[in-house]
Every structure is written in C-alpha cells, then in structure tokens.
Amino acid sequence: MLRSDFTALFGQTPEIVTEAPGRVNLIGEHVDYCDGFVMPFAINDRTYAAISKRRDRNIRIASKQRTGEIFETSLDQLAPDGKGDWERYILGVIWAFGGQVTSGLDILVDGGVALGAGLSSSAALECSIATALNKLFDVNLSLPELARLAQRAENGYVGVPCGIMDQSVSLMAQAGNALLLDCRDLSTEQIPLDLASAGLELMIIDTRAHHALVDGGYAERRASCESAAKKLGIKALRDCSVSELESSRSKLTELEYMRAEHVVNDIERVHQTVEFLKKNDFVSVGKILTQSHASLRDRFEISCAELDLAVDTALANKSLGGRMIGGGFGGSAIALFKVADIEPAKTAIAVAFKSAGYVEPRFFTSLPSSGAAVIN
Ligand code: GLA
C-alpha cells in the first residue's frame, strides 16, 4: 500500500521501505540523561517510511495521515531554525547525517504510533528515516551510532532535550524481550519478557491528557539532575549510590535532593526488576512499578491527576502494579494484570475518568516487539 501510494504521489517507485516501532518503558524513568539504566520494550505499533533519492537537491515529504499536503525544501536549506512542523523530525535526521546524504529525497511516511500518547511516535519517525538513509547512502553506522544520530536530530534540530532511551529501543529492540540499556555506553542485554505464559498482560492506558503549561518541565528536571551531579562532584547521577546520596544531602538544595533521590532509586529499581524477571516473579515486578510511580509523583513531581487516577484505579481493581511512563505531565500509564482481570479494570478506569470529567482514555496492549528494520 505504502509503495503504491508513494508511486502515485511522486511518480517513481520507492528505493527503500523501512519500519520503526514506538516504545513502552517498563522501568527506569527520567534516568537516561543521567547515564542510568533503563528497560523499555518496543510495541507493535510502528511508523513506516518509503524513500527514493532524487537527481536534484530538493526534499519532498508527505504523510499518509495528511493527504494532499507535500512539504518541500532543499538539502541546502536545512537549518535548526528553519521551516517545518512535524517534518522537522525528518529534516533533523537528514541534517544529522551531514554531508553523507548527497542527494535530494522523496519521502512518504505512514505513522502508526499514537501521537501525544507518550509512546515515542517521534523516535519511531526518526528511526524509520535514519534506518533508511543509513542503508540508502551506504553509511553503515552501527545501531548505537544511529541512536546517537537520531537523538542529535531531536536535540540539535527539533530543539527537544530528550535522552537516548527512545531512539535506542526503537532501533535495538528484539521481539519477546525488554531491552536493558546502559545509557552511558549504550551496551544492551535482551531480557526475556514473557507475560503471556504467566497469564498476564500489560495494559497501556493513554490518558489523552497533555498539560502544555508544563512543557518546560522536562528541561527543568534535567537541569536539576545535572546541577545535583555537579555539586556531588560526579559525572552523572548514575555514579552515586542511594547511601552516598543520603550522606551528601547537605551539598544539595532540597529540590535537587528530591530529584536525585528519584533517579538513584529508579536506577536501582531497574536492576531489581531484571532479577525479578529472571525469576518470573511478577508480583515483585508489579510492586516495583508502583514504587516507581510514587517516586515520579512525589519526588520527581511529573505525574498529573489523570495519570494518578489511571494508576490508582488500576491498583484498586486487582492490578499487580502500575505507573506513569515517559516524559510525564500527561501521556500514558502502564498496569500489570492477570488476563482475566483486564476487562473489568478497563471499565472501572473508564468510569472513573468519566466521573472526574476527563476525556475518555484509550487502552492498548502490546507484546514486546522487534526494532527498526528495512522491509525491502
Ligand atoms: C522522554 C524522553 C526520553 C526519556 C523519557 C523519560 O520519553 O524522550 O529520553 O528521558 O522521557 O524517561
């Protein structure tokens, strides 16, 4: 379908078609930019990109979600303060390849990752493009190098100060596994995550809330973590244990201490989760998820009423544990359930949202899926 749409739109067949998934982060939130450990997995939903080189230096971009619109620019006009809206995620990736992209491009994307749900639709888009250009221009970057390139696109071109987690998992995930990622050196370990055999399912609750007033909140949290690390005399908060942090409390402001406490503890929770998963101890995994939520809510202060209601209602309806995921201030939460308890819990959450006067939430689920790939 994407191929024939591409041909109809641009009058040539695509030279390459790629796909890249969105993600759910099981545990390790707001720790990637502290060089910490995270454990996300790729979801089934993905973004597809069809691309061909052009003879000139023009770039044309279209999306199946925006019929009739073609965005046009040229390789020579790429600049971080340049034009574009969502197209900037694509332009940023082209820009990040520097002189290695040597011709113009026709690009058609088909985005299957829900927008604004905290499921990393932007990383899916960046990684589908990065995977295609890496192959099309024989750049041969490794997956960690591609992840850094996509992050550079988002930091340097789009202007979002994100960490490295979303791009890494979109590129390096393997089906059936969560990805244990060391955000300092990007080394990985695939951790089997077989919820189905245990009769469990991970519910993804998109609250559909987005609190735009706190858009600067992510950068502000990041800055607090960096200033805390500086005052502690370490490269990043990853280099600090829970007890070291406690004994250095007087060096930090109360706010920096709260932020750092979340980070240091959440990194510890990642290691604990790995051990529990290896023992198939999902009851303990559930408890850790809930502890992480409390820390994100009370110490990192990035939850919101809708996320808290989703998690609290899940817990009151037999969930083994749950938490908000992603950047915060809206987006999605996850909650672990026995399969038989899923439907009544969905109803309870929907009713709770209605009573509170919130927009109706959306429910997803996903098995751990594979990372970005060239389709043909
Ligand atoms: C967003 C960012 C990631 C990460 C998470 C929080 O998804 O893109 O780099 O920092 O928030 O864990």
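Residue positions are counted from 1 within each chain, in the order its sequence is given. For this predicted model, a pLDDT threshold of at least 70 governs which residues receive local features, and a threshold of 80 or more governs which side-chain atom pairs are given and counted, while totals over whole chains, interfaces and linings are taken from all residues. Derived side-chain values reflect all non-hydrogen atoms in the structure, with water molecules and hydrogen atoms excluded from consideration.

UniProt positions are given in the numbering used here, feature names are shortened, and annotations may be inferred rather than shown by experiment. The record held by UniProt for the protein chain lists under Sequence similarities (unreviewed entry) the comment "Belongs to the GHMP kinase family. GalK subfamily."

## Describing the state of the cysteines
Among covalent bonds in proteins, the disulfide is the one between the sulfur atoms of two cysteines. What counts as a disulfide here is a pair of cysteine sulfur atoms lying within 2.5 Å. Counted by the stated rule, this structure contains zero disulfides. This cysteine, Cys162, is not joined by any disulfide, and Cys127 carries the nearest cysteine sulfur, 10 Å off. Each residue is placed in one exposure class: buried if its accessible area under a 1.4 Å probe, protein chains only, is under 20% of its type's maximum, exposed if it is over 50%, and partly exposed if it falls in between. On the accessibility criterion, Cys162 (8% relative accessible area) is buried. There is no disulfide at Cys225, and the cysteine sulfur nearest it, in Cys34, is 4.0 Å away. By relative accessible area, which is 3% here, Cys225 ends up buried.

## With respect to the environment of Glu261
By the criteria applied, helices consist of DSSP H or I runs no shorter than four residues and strands consist of E runs no shorter than two, each listed in order from the N terminus. Relative to the helices and strands, Glu261 resides in helix α8 (residues 254-278). Separated by 21 residues in sequence, Glu261 and Cys240 place their C-alpha atoms 10.0 Å apart. If near-sequence neighbours (up to four positions away) are discounted, Glu261 is found in contact with Leu245 and Arg299. When checking whether two residues touch, look at their non-hydrogen atoms; a contact exists if any pair is within 4.5 Å.

## Comments concerning the site of the ligand
Every residue lining the ligand is accounted for by Arg23, Glu29, His30, Asp32, Tyr33, Cys162, Gly163, Met165, Asp166, Tyr218, Gly326 and Gly327. Polar contacts, as used here, are pairs of N or O atoms within 3.5 Å; protein pairs need one atom able to donate a hydrogen and one able to accept it. Residues neighboring in sequence count only if both atoms are side-chain atoms. Within the contact set of the ligand, an oxygen atom lies 2.5 Å away from a side-chain nitrogen or oxygen of Glu29. Measuring from an oxygen atom of the ligand, one finds a backbone N or O atom of Gly163 at 2.8 Å. Protein contacts shield 92% of the accessible area of the ligand, which totals 310 Å² for the unbound molecule. The way it works is a 1 Å grid over only the protein atoms, where trapped points that fit a 1.4 Å probe form a cavity and open points with protein on both sides within 12 Å along at least five of seven lines form a pocket, and then any residue with an atom within 4 Å of a point lines it. Whether a molecule sits in a cavity or pocket is decided by its atoms, more than half of which must lie within 2 Å of the grid points. Judged by the proximity of its atoms to the pocket grid, the ligand belongs to the largest pocket. Any residue with at least one heavy atom within 4 Å of a molecule or strand is counted as near it. For accessible areas, the Shrake-Rupley method is used with a probe of radius 1.4 Å. Any residue's cover is judged against the shown protein chains and nothing else.

## Things to note about helix α3 (residues 121-136)
Since the α-helix advances by 3.6 residues per turn, residues separated by three or four positions end up pointing in the same direction. Multiply 1.5 Å by the residue count of a helix minus one, and that product is the helix's expected span. With 16 residues, α3 should reach 22 Å at 1.5 Å per residue; the first-to-last C-alpha distance of 23 Å fits that figure. Most of α3 is tucked away: 14 of the 16 residues are buried. One or two positions beyond α3, positive phi appears at Asp138, with a value near 50°.

## Some words on the layout of surface pockets
In this structure, the largest pocket spans a volume of roughly 1300 Å³. For the largest pocket, the lining is made up of 46 residues, of which Tyr89, Gly116, Ser121, Ser122 and Glu154 are closest to its centre. Contributing elements (two or more residues each) for the lining of the largest pocket: β5 (105-111), α3, α5 (165-172), β8 (200-210) and β10 (330-338). Polarity classes work like this: nonpolar for Ala, Val, Leu, Ile, Met, Phe, Trp, Tyr, Cys and Pro, charged for Asp, Glu, Lys and Arg, and polar for all others, with Gly in that last group. Residue composition of the lining of the largest pocket, grouped by class: 18 nonpolar, 20 polar and eight charged. Where each domain begins and ends follows an automated or database-derived domain assignment. Of the domains in this structure, domain 1 (2-190 + 370-374) and domain 2 (193-365) are the two that each give at least three residues to the lining of the largest pocket. Grid points are joined across faces, edges and corners, and a volume is the space filled by probe spheres set on the points.

## Observations concerning the UniProt feature "domain: GHMP kinase N-terminal" (unreviewed entry) in the protein chain
UniProt's entry tags residues 89-173 with the feature "domain: GHMP kinase N-terminal" (unreviewed entry), counted in the numbering of this structure. Taken end to end, residues 89-173 has its terminal C-alpha atoms 21 Å apart, with 56% of it in helix and 8% in strand.

## A short note on the domain arrangement of the protein chain
Interfaces are frequently sized by the accessible area removed from exposure as the parts join. On domain assignment, one finds that the protein chain holds domain 1 (2-190 + 370-374) and domain 2 (193-365). Domain 1 and domain 2 are separated by 26 Å when their C-alpha centres are compared. With 36 residues of domain 1 at the contact, the number on the domain 2 side is 41 residues. Note on definitions: buried area is the accessible-area loss of two parts on being combined, 1.4 Å probe, summed for both. With both chains or domains summed, domain 1 and domain 2 bury close to 3000 Å², and 64% of this area falls on carbon and sulfur atoms. Throughout this description, the term salt bridge denotes a Lys or Arg side-chain nitrogen within 4 Å of a carboxyl oxygen of Asp or Glu. Joining domain 1 to domain 2, the criterion identifies five salt bridges. In this structure, Glu189 engages Lys278 in a salt bridge whose closest nitrogen and oxygen atoms are separated by 3.3 Å. At the junction of domain 1 and domain 2, the tally comes to 18 residue pairs in polar contact (both at pLDDT 80 or more). Breaking the side of domain 1 that touches domain 2 down by element, the ones donating at least two residues are β1 (16-27), β2 (37-53) and β6 (177-182). Top element by residues in the side of domain 1 that touches domain 2 is β2. It accounts for six residues. Residues of the side of domain 1 that touches domain 2, tallied by class, amount to 19 nonpolar, nine polar and eight charged.

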